[in-house]
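A look at the structure
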Amino acid sequence: MLKDLDKPASRSRAVVIFSMAPKENTVLYKAPSFEHYNQAAQKNNNSHTQFAHNENYRRNSGSESECSDAAILHRQTSASTYRSETTQSTPVQSPYLGNLSPLSQSLWKNVKKSKSGPLMISPDDPTAWLTWKDLTVSVSLAGASTHLLLDNLSGYAEPGHMMAVMGPSGSGKSTLLDALAGRLAKNTMMTGDVHVNGRHRKLSYGSVAFVTQEDTLIGTLTVRETIFYSAHLRLPDAMPWSEKENIVESTILEMGLQDCADTAVGNWHLRGLSGGEKRRVSIALEILMRPRLLFLDEPTSGLDSASAFFVMQTLRGLSRDGRTVLFSIHQPSSEVFALFDKLYLLSGGRTIYFGDATHAHEFFAQAGFPCPQRRNPSDHFLRCVNSDFERVKQSLRSSVRHRKNAAVDPLEKHTTAEVIDILTNAYNTSGQAIATAVKIYEISQVKGLNLESSGSQASFFMQTKTLTKRSFINMTRDLGYYWLRLITYIFVAICVGTIYFKVGTSYNSILARGACTSYVAGFVTFMSIGGFPSFIEDMKVFQRERLNGHYGVWAFVVANTLSSFPFLVAIAIATGTICYYMAGLHPGFTHYLFFTINLLGCIGVVESLMMAVASVVSNFLLGIVTGAGLLGVFMLVAGFFRLPNELPKIFWRYPMSYLSFNYWALQGQYKNDYLGLQFDNVSPLLPPITGEEIITEKFQIDLSWSKWWDTAMIYVFLVAYRLVFFLNIKLNEKVTPYVRAFLTKQTAQWKGQKLSSKTVIPVKQSPDAGRG
Ligand SMILES: Nc1ncnc2c1ncn2[C@@H]1O[C@H](COP(=O)(O)OP(=O)(O)O)[C@@H](O)[C@H]1O
Ligand SMILES: [Mg+2]
């Protein structure tokens, strides 16, 4: 039931209250102000509502004081000052913000902090209320047995709060976040209900942001450039440049990155940001579109305690802007622990505790495992549930101090498995578990705004343009991408040029010319594999951005092709010119042009082939081995090492030789070089040999089509491999989840588990950003 209280004259600042009245199951109030909020609570005379209000008020007034705590940090202070300037004194009144995803609007238009009241959210501003019930994730092991990764978990996450998923290593923290965000691995099965705003989760891209454990950033870009390109990839084309800049700058300030804004992120040859700064850049990229739901997998791992604290404090600030923040954390310091609102403690995929972080102490004490004084609470909780600690206890048994403590330590009386059982039972029978179930019911009954939105508001053209620019800058700055290869190509070309220097038209040069062109079209292009590691780095960034819906696969393919083109042309021209003129191949500019265009095609095909390989094999070592293997086979059937008609007919001649770009490249190169030339015969008494005779009789090449058709075939392969890349990624995203869901259902039925079609959720690997 929905009750509208009197609407305010100005743009409404309302609060949405969820409550469960004893008679009316779910009551949703829209109160235009804090006073109305109170009025609503009194009118309903509902203790739950009043509690919710008090709780909200406490939180939000708390956040005010926390903001002042944060003010000790200069960057935090300046960030909030900037924010208050942009949102209050000079509010961003962009007509375009209406075109942003509904989630994106909040920070700029709607969310305002009032000193006297709670967080104000207008009715059209969707907050994200996330619930999960009976969530089970399992993997099938060999022998048809199943391993449970998550066992019947239930919980909820609210806007304005941050929730820590804590537990020992391997307890299922990442699995839980992946399950909630719809990013589970392909081999897992998931059952249970995940709701966002009371709707069955179909999580998308833009409404939800996921910051992975690994910082996948482009090392050669500065922080400002990284955020700037990300903004241009996603914000609407029609939004003025200045406004996009505003968003970029405010995000930099919000994340406290202004001091390192012009520092490069850093890569193997470039010193860059610290771990904490990289983390904050990763978060900045995800909050650009103002998502309402933010997932972070171990945002503090690998950071020192001060950096971890700053990252956490920033996250707290983000949650206080009305976002729902969920993150996993392994072992926080006591300062970091004190920042948590909610705690979800896991062990072996089971719930040990879910509730207010501040009440965890009490829960452990009541369960018989009080936290000793002067011990970090998170250390104590993990110590209770970490089975690896058993071994630590064993090795400490001999120490005198340990023996003294053992007498009073309740943990000494039980094995870790027993402690976990005691705690799990204590939680399952606690009032907290019942309150959680009630709250999940309450929240899931209220149908809020559907948070679906596409991750990017930019057009395909804008995405491609921005990606091309970004990729070109990266290729220019990354020594390993093309520069090192260009140098190697020039070096090898000089070697080829000196070895075949002025090869001439003697009888002996007939084979030498063939060997020279074969080497250039085959082995020289082989070196393009060298760019694979850099491409794999690009792919990591692509996969992260793709999973978060920043742009489509097609935009990436086109941008990569365009941005690499100048470098490939440079390599082809440099290598082609040196080889051609030093070896003194067929005279004439058009022949030289053909040689270079053919070479460009070959280098481009190897690049595209490696792209196709990368879409299947993401490990760079495996990728290089696979690519090199394929290229080796293509070279074998090209017609130089074994003449075409002498190749075994089945498989090697048909179809392999026709599928090898080297075959077409060689045919074209031979026709280009030999046709029109005359060569000395073995004896001066014999008539000279024509190029035509050599090609047809010696190299068994068909002259019924022109050399340009041969070259055209190389470019067909170039496009085809890029299409393979595109289709592979699409197939992976679109078909695999459904095939997997189908197989899961079949397996479950086979095992006699009754899974309804509703409960088996196809796990999307990547979003459909709608822009192919
Ligand atoms: N896709 C998967 N296939 C098989 N086992 C998995 C998979 N994902 C996670 N696991 C296992 O599930 C357990 C929990 O993993 P994870 O959620 O990554 O733990 P945490 O993040 O708490 O360290 C681990 O034992 C891990 O090996
Ligand atoms: Mg993990």
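Here the structure is a predicted model, which means the values were calculated and not measured.

1. As for the overall build of the protein chain
Secondary structure summary: the protein chain contains 28 helices and 17 strands in total. Considering the protein chain as a whole, with its 772 residues, one finds that 49% of them fall into the buried category. Counted over contacts in the protein chain with a minimum sequence separation of 6, partners at least 24 positions apart contribute 77%.

2. A word on the site of ligand 1
The environment of ligand 1 is made up of 14 residues, and the closest members are G170, K173, S174, T175 and A185. If one sorts the elements of the shell around ligand 1 by residue count, helix α5 (residues 173-181) sits on top with 3 residues. Counted by class, the shell around ligand 1 contains 3 nonpolar, 10 polar and 1 charged residues.

3. Things to note about helix α6 (residues 223-234)
The terminal C-alpha atoms of α6, which comprises 12 residues, lie 17 Å apart, in line with the 16 Å expected from a rise of 1.5 Å per residue. Counting buried residues in α6 gives 10 out of 12 residues, a clear majority hidden from the surface. Taken together, the buried positions of α6 are occupied by V223, T226, I227, F228, Y229, S230, A231, H232, L233 and R234.

4. Re the sheet that holds strand β9 (residues 208-211)
Judged by pairing direction, the sheet is mixed, and its 6 strands sit side by side in the order β9-β10-β11-β6-β12-β13 without closing on themselves. A single partner strand is all that each edge strand has here, and the edge strands are β9 and β13 (350-356). Adjacent strand axes in the sheet meet at a mean angle of 15 degrees, parallel and antiparallel pairs treated alike. Summarising the sheet, strand β10 (residues 293-296) and strand β11 (residues 324-329) pair through 4 bridges and their orientation is parallel. Each bridged residue has a counterpart across the sheet, and for F295 the counterpart in β11 is L326. Those strands touched by helix α9 (residues 305-320) are β6 (162-166), β10 and β11, and its axis lies near 155 degrees from that of β11.

5. Overview of the UniProt feature "transmembrane region" (unreviewed entry) in the protein chain
In the numbering used here, UniProt assigns the "transmembrane region" (unreviewed entry) feature to residues 482-503, 510-532, 552-580, 592-614, 620-643, 650-666 and 712-731. Annotation note: span residues 592-614, helix share 100%, strand share 0%, distance between end C-alpha atoms 33 Å. The distance separating the terminal C-alpha atoms of residues 712-731 is 28 Å; by composition the span is 100% helix and 0% strand.

6. Comments concerning the packing of helix α20 (residues 532-547) against helix α23 (residues 620-636)
It is at 10 Å that the axes of α20 and α23 come closest, and there the two elements cross at 130 degrees. Relative to α23, the element α20 is oriented oblique. Relative to α23, α20 is oriented so that their crossing is right-handed. Contact residues: F532, P533 and I536 in α20; F620, G623, I624 and G627 in α23.

7. A short note on the pairing of β13
Counting buried positions along β13 yields 6 of 7 residues, so the element is predominantly enclosed. One ladder, built from 6 bridges, connects strand β12 (residues 342-347) with β13; its direction is antiparallel. Residue pairing for β13: L343 is matched across the bridge by G355. In this structure, the hairpin formed by β12 and β13 is closed by a connection of 2 residues, where G348 is found at a positive phi of approximately 55 degrees.

8. Some thoughts on the packing of helix α19 (residues 509-526) against helix α25 (residues 661-674)
Interaxial distance between α19 and α25 falls to 10 Å at its minimum, and their mutual angle equals 140 degrees. Accordingly, the angle class assigned to the pair α19 and α25 is oblique. Note on packing geometry: the crossing formed by α19 with α25 is right-handed. Of the residues in α25, those in contact with R513, G514, T517, S518, A521 and G522 of α19 are N662, A665, L666, Q669, Y670 and D673. Across the contact of α19 with α25, the residue classes tally to 4 nonpolar, 6 polar and 2 charged.

9. Describing helix α18 (residues 479-499)
Compared with the 30 Å implied by 1.5 Å per residue over 21 residues, the 29 Å span of α18 between its first and last C-alpha is a close match. Those residues of α18 that are buried are in contact with α17 (460-477), α19, α20 and α21 (553-583).

10. Let's talk about the sheet that holds strand β5 (residues 146-157)
With antiparallel pairing, the 4 strands of this open sheet are ordered in space as β5-β4-β7-β8. Either end of the sheet is taken by a strand with one partner, and the two such strands are β5 and β8 (199-200). One ladder, built from 2 bridges, connects strand β7 (residues 188-196) with β8; its direction is antiparallel. Across the sheet, H195 pairs through a bridge with H200, a residue of β8. Along the sheet face, helix α16 (residues 431-445) touches β4 (130-140), β5 and β7 and points at about 70 degrees away from the line of β5.

11. A short note on the environment of G160
As for its placement among the helices and strands, G160 is situated in the loop between β5 and β6. Sequence separation between G160 and R323 is 163 residues; the distance between their C-alpha atoms is 5.3 Å.

12. Thoughts on the pairing of β6
Buried residues dominate β6, accounting for 5 of its 5 residues. Residues of β6 alternate between two faces, with M162, A164 and M166 on one and M163 and V165 on the opposite face, all of them buried. Sheet analysis places β6 next to β12, joined by 4 bridges and oriented parallel. When the bridges of β12 are listed, M166 appears paired with L345.

13. Remarks on unusual backbone geometry
A cis amide bond, omega 10 degrees, links Y654 with the succeeding residue P655. Residue K502 is not a glycine yet carries a positive backbone phi of 45 degrees. A residue is classified by how many C-beta atoms lie within 10 Å of it, and K502, with 10 of them, is exposed. In the Ramachandran plot, Q700 falls in the positive-phi region, its phi being about 50 degrees despite a non-glycine side chain. Structurally, Q700 can be placed in the loop between α26 (691-698) and α27 (707-734).

14. Brief notes about the nonpolar core
Among the nonpolar cores identified, the biggest contains 176 residues, and A164, V165, L180, A284 and F295 are the most heavily contacted of them. When residues of this core are assigned to domains, at least three fall in each of domain 2 (130-207 + 291-445) and domain 3 (464-733). Beyond its immediate stretch of four places on either side in the chain, V165 contacts K173, L176, L177, L326, F327, S328, Y344 and L346.

15. Topic: the environment of V496
Turning to its location among the elements, V496 is positioned in helix α18. The exposure class assigned to V496 is buried, which follows from the 22 C-beta atoms found within 10 Å. Along the backbone, V496 and A583 are 87 residues apart, and their C-alpha atoms lie at a distance of 7.8 Å. Look past the residues within four positions of V496 in its chain and what remains in contact with it is C516, Y519, V520 and C579.

Basis of the calculations
- Residues numbered from 1 in each chain as written.
- Chains lettered and ligands numbered in written order.
- Predicted model: local features only at pLDDT ≥ 70, side-chain atom pairs only at ≥ 80, totals over all residues.
- Helix = DSSP H or I, 4+ residues; strand = E, 2+ residues; numbered from the N terminus.
- Buried ≥ 20, exposed ≤ 12 C-beta atoms within 10 Å, placed from the backbone.
- Contact = placed C-beta atoms within 7 Å.
- Near = placed C-beta within 6 Å.
- Nonpolar A, V, L, I, M, F, W, Y, C, P; charged D, E, K, R; others polar.
- Expected span 1.5 Å × (residues − 1).
- Pairing = 2+ DSSP bridges.
- Axes fitted to C-alpha atoms, helices over the stretch in contact; angles between N-to-C directions.
- UniProt positions renumbered as here; feature names shortened; annotations may be inferred.
- Parallel < 35°, antiparallel > 145°, perpendicular 65-115°, else oblique.
- Left-handed = near helix turned anticlockwise from the far one by under 90°.
- Core = buried A, V, L, I, M, F, W, Y, C linked by C-beta atoms within 7 Å.
- Domains from an automatic or database assignment.

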